[in-house]
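A look at the structure
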Amino acid sequence: MRECEKVLDYFNDELSEGEKEQFERHLESCEDCREEIEELRSLTDDLPFSSEPVDPPEGMKDRVLGAVFAEEETEEKSQEEENVVPLEQHLEQDSSREVDRPTRSNRQAWLMRGLAAALVASLVGNVFALTGGEETVSEPPAVESTDQVNQRVSLEGESTPARASAAMIRQNGSQLLTLQAEQLEPLQGDEVYQVWLLNGDEPYRAGTFVANQNGEGAVAFSMDQLPSELDWDAVAISKEPNAQSQTPQGEVILSSSL
Amino acid sequence: MMALITEKKGCVMSNRDLEYYQKMIEGDKQSLEAIYDKYEKLLYSFVIKLSSDHSLAEEVLQEVFIKLWTQKAKYDNTKGKFSSWIVTITRYTAIDIIRSKKESVSLEEETDVPEEQSESVEDLVEWKEKSSTIRKALDQLSDEQRKIVDLFYFKGCSQSVIAKECDLPLGTVKGRLRLALKHLRKNLATVKGGIRDA
């Protein structure tokens, strides 16, 4: 096919990458083709307006914009050392769901009080609940089957139906904290769920995540980023106004002693 | 007179679009929301016209607004109106997604437009102004011309598919299409003129 015959297929993006490049080089020297394309553009300009109005389905705006802003979140966060990981449908590590729920210890009450002192009411401009789901950019690190689970706990909270389980896994000489949560409340705006590990009263950031539209979230955090000499007393999840909190600014919703 | 008013409205609208767009680039979520609110129904209806698939329409819109927000697609106001730009992005995104799904909707099937609505196209003045004239102008084309416009623009078919569907030699497709589109433009002018006279 002569290059000038490819105008329609170029307009409809039907050319292969190679053909497209070749045609674009041709365009530089062929005024007729440039004019034809411009003419096609201007002649078809009004055609979209012939569409019969159809009402979009209920909740589409929230879903679409939720996904759009979630996209931004994941892109921004992937620049940082920690990952904000919307839960994929199929997570490995399903075994951690089989844990029996341990009895709640006294430590829990202490923990809730201790962190409550640091709380600040957290509400930023309501934008949209993040829906996460399919728009995942970063994947949780793959975990080899030879990993060894050192410790596993279930996290509970007083005022939420949400539940989570956390496990510390030894992988190739490194410690990994994995955590899965379900029945989480939807987040607003820039809010995130932040995981904390506590050494005494001192909280350390241990992963950030958002909930998908089913209220599920998960995180895999490399504990190599934390001081190795510390013993961890507890693990907790708080809702934070954004992913930058260095200490808990929001409500602690779930926790467990270790 | 009528044409003048229309011009002016169109102008004001695209200025506001540009304003929203520029704020959006600076990261203003409300501005993206404003653009979304304004174009949601047009783009959704447009994709349904392209694909007659509701779930796909939502997917396309999501992709379009991700492109907008992450600036994978950039609007240049020296190259035309924002509305033309966003419908073009939407069309290419739809064609892309339809192709990738390889759900080849039979071309023979008459595209039925589901849940069709009453006349009101309240959201977008431009749509309101143009929709009935364009539909009338399209109606005035011969069946053959309407078909070639439909296959080319709304179905995004390749030249060879159009040749096959319309039973035309490959080399004549482009000429026929241009003729049909020019005819459409002429009809459009006549329809508009008719309204002005009335």
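My aim in this report is to walk through the structure given alongside it, one point at a time. It should be emphasised that the depicted structure is a prediction, and the values quoted were computed from it without experimental measurement.

Reading the values: the criteria
- Residues numbered from 1 in each chain as written.
- Chains lettered and ligands numbered in written order.
- Predicted model: local features only at pLDDT ≥ 70, side-chain atom pairs only at ≥ 80, totals over all residues.
- Heavy atoms only, no water.
- Helix = DSSP H or I, 4+ residues; strand = E, 2+ residues; numbered from the N terminus.
- Buried < 20%, exposed > 50% of the residue type's maximum accessible area, 1.4 Å probe, protein only.
- Contact = heavy atoms within 4.5 Å.
- Areas by Shrake-Rupley, 256 points an atom, 1.4 Å probe, with all protein chains shown as cover.
- Buried area = accessible area lost by both parts, 1.4 Å probe.
- Salt bridge = Lys/Arg side-chain N within 4 Å of Asp/Glu carboxyl O.
- Polar contact = N/O pair within 3.5 Å; in protein donor to acceptor, adjacent residues only side chain to side chain.
- Nonpolar A, V, L, I, M, F, W, Y, C, P; charged D, E, K, R; others polar.
- 1 Å grid on protein atoms, 1.4 Å probe; cavity = no way out; pocket = protein on both sides within 12 Å on 5 of 7 lines; lining within 4 Å.
- Points joined across faces, edges and corners; volume = space filled by probe spheres on them.
- Core = buried A, V, L, I, M, F, W, Y, C linked by side-chain atoms within 4.5 Å.
- Pairing = 2+ DSSP bridges.
- Axes fitted to C-alpha atoms, helices over the stretch in contact; angles between N-to-C directions.
- Patch = residues over 30% accessible without salt bridge, like charges linked within 9 Å, V, L, I, M, F, W, Y side chains within 5 Å.
- Lys, Arg positive; Asp, Glu negative; His and termini not counted.
- Charge placed at Lys NZ, Arg CZ, Asp CG, Glu CD.

Looking now at the overall build of chain B. The helix and strand tally for chain B stands at 8 helices and 0 strands. Within chain B, buried positions represent 45% of all 198 residues. Considering only intrachain contacts with a sequence separation of at least 6, the fraction spanning at least 24 residues in chain B is 70%. Summed over all atoms, the accessible surface of chain B reaches about 10,500 Å², with 51% contributed by carbon and sulfur.

Between chain B and chain A, the contact holds 65 residues from the first and 45 residues from the second. Across the interface of chain B and chain A, roughly 5,300 Å² is buried in total on both sides, 60% from carbon and sulfur atoms. Considering only the side of chain B, the residues that lose the most area to chain A are Lys29, Glu58 and Lys174 of chain B, jointly responsible for 12% of the buried surface there. Where chain B touches chain A, the interface holds 12 salt bridges. At the boundary of chain B and chain A, one finds 26 residue pairs in polar contact (both at pLDDT 80 or more). Those elements that provide at least two residues to the side of chain B that touches chain A are helix H2 (29–51), helix H3 (54–69), helix H4 (82–101), helix H5 (125–139), helix H6 (143–154) and helix H8 (173–197) of chain B. Split into classes, the residues belonging to the side of chain B that touches chain A amount to 31 nonpolar, 14 polar and 20 charged.

For the rest of this paragraph, the subject is empty space enclosed by the protein. Residues and elements named next belong to chain B. Evaluation of the coordinates by the stated rule reveals 2 cavities of 30 Å³ or more. Approximately 50 Å³ is the volume attributed to the largest cavity. Considering every element that reaches the lining of the largest cavity, the biggest residue donor is H8, with 4 residues.

Core analysis: the largest hydrophobic core is formed by 77 residues, its most contacted members being Leu47 of chain A together with Leu32, Phe65, Trp85, Ile86 and Ile148 of chain B. Core analysis: the next-biggest nonpolar cluster, separate from the first, contains 30 residues, Ala206, Val210, Phe221 and Leu230 of chain A among them.

We now examine the sheet that holds strand E8 (residues 252–257) of chain A. Residue and element names in this part refer to chain A. The 4 strands lie next to each other as E5-E4-E7-E8, forming an open sheet whose pairing is antiparallel. Each edge of the open sheet is held by one strand with a lone partner, namely strand E5 (202–209) and E8. Going from strand to strand, the sheet's axes swing by 25° on average, the running direction of each strand aside. Alignment of strand E4 (residues 192–199) against E5, held across 6 bridges, turns out to be antiparallel. Within E5, the position partnered with Leu198 by the bridge is Pro203.

Before going further, it helps to examine unusual backbone geometry. Despite not being glycine, Asp13 of chain A shows a phi value in the positive range, around 55°. Take Asp13 of chain A: it is sitting in the loop between helix H1 (7–11) and helix H2 (17–29). Accessibility expressed as a relative area gives 27% for Asp13 of chain A, which makes it partly exposed. Positive phi is not limited to glycine here, since Asp167 of chain B has a value of about 55°. Following the sequence through the fold, Asp167 of chain B ends up in the loop between helix H7 (159–166) and H8. The class for Asp167 of chain B is exposed, based on a relative accessible area of 70%.

Let's shift gears to a negative patch on the surface. All names here are of chain A. Side chains of Glu17, Glu21, Glu24 and Glu28 sit close together on the surface and give a patch of like negative charge. Looking at the secondary structure, you find Glu17 in helix H2. Exposure remark for Glu17: the relative accessible area of 58% places this residue in the exposed category.

What follows is about the pattern of salt bridges. Using the criterion set out here, one finds 25 salt bridges over all chains in the structure. The partner of Lys182 of chain B in a salt bridge is Glu39 of chain A, with the nearest N and O atoms 3.1 Å apart. Highlighted residues: Lys182 of chain B in helix H8 and Glu39 of chain A in helix H3 (residues 31–44), drawn from two different chains. Accessibility expressed as a relative area gives 40% for Lys182 of chain B, which makes it partly exposed. A relative accessible area of 17% means that Glu39 of chain A is categorised as buried. The residue Lys29 of chain B makes a salt bridge to Asp190 of chain A at a minimum N-O spacing of 3.2 Å. Here the residue Lys29 of chain B occupies a position in helix H2, and Asp190 of chain A occupies one in the loop between strand E3 (174–182) and E4, the pair thus bridging two chains.

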